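Residues per chain are reported as follows:
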Amino acid sequence: MAQYSAEEIGFIDETSKDEHTVGRRYGRAGKEQQAMKSHPFVHGRCTSTEALLTLDGIVAWTVAEGSMTKVLFLDWLEHDIVSSVVQ
């Protein structure tokens, strides 16, 4: 890493959101009581977000409906990130 300057380094991260993200898996209850919590069971929309962070801030991003696949990721990498670095 020492051979690269700070301007040459970027970090890619992914985050996703669906209805299951808001629910807890564990809870607390009084002695001899069962912890109860209803969770939404939704086969609905899921979105995935990818972003490239550099010293200049977020310079490239994409949002995909559903999960990010290898094909979508490589397409984003080639067309948005590599093309912006080459220019």
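See the structure printed just above.
Just so it is clear, the model here is predicted, and its values are computed rather than measured. (Residues numbered from 1 in each chain as written. Predicted model: local features only at pLDDT ≥ 70, side-chain atom pairs only at ≥ 80, totals over all residues. Heavy atoms only, no water.)

The next subject is the pairing of strand E2 (residues 47-54). In this structure, strand E1 (residues 11-17) lies alongside E2, joined through seven bridges in antiparallel fashion. Across the sheet, residue Ser16 finds its bridge partner in E2, namely Ser48. In terms of strand pairing, E2 meets strand E3 (residues 57-65) through eight bridges, oriented antiparallel. Within E3, the position partnered with Ala51 by the bridge is Trp61. (Pairing = 2+ DSSP bridges. Helix = DSSP H or I, 4+ residues; strand = E, 2+ residues; numbered from the N terminus.)

On to the sheet that holds E3, then. The three strands are arranged E1-E2-E3 in an open sheet whose pairing can be described as antiparallel. Every interior strand has two partners, whereas the edge strands, E1 and E3, have only one. Strand after strand, the sheet turns through a mean of 20 degrees between neighbouring axes, direction not considered. (Axes fitted to C-alpha atoms, helices over the stretch in contact; angles between N-to-C directions.)

From the geometry alone we can't say anything about function, so treat these as descriptive.
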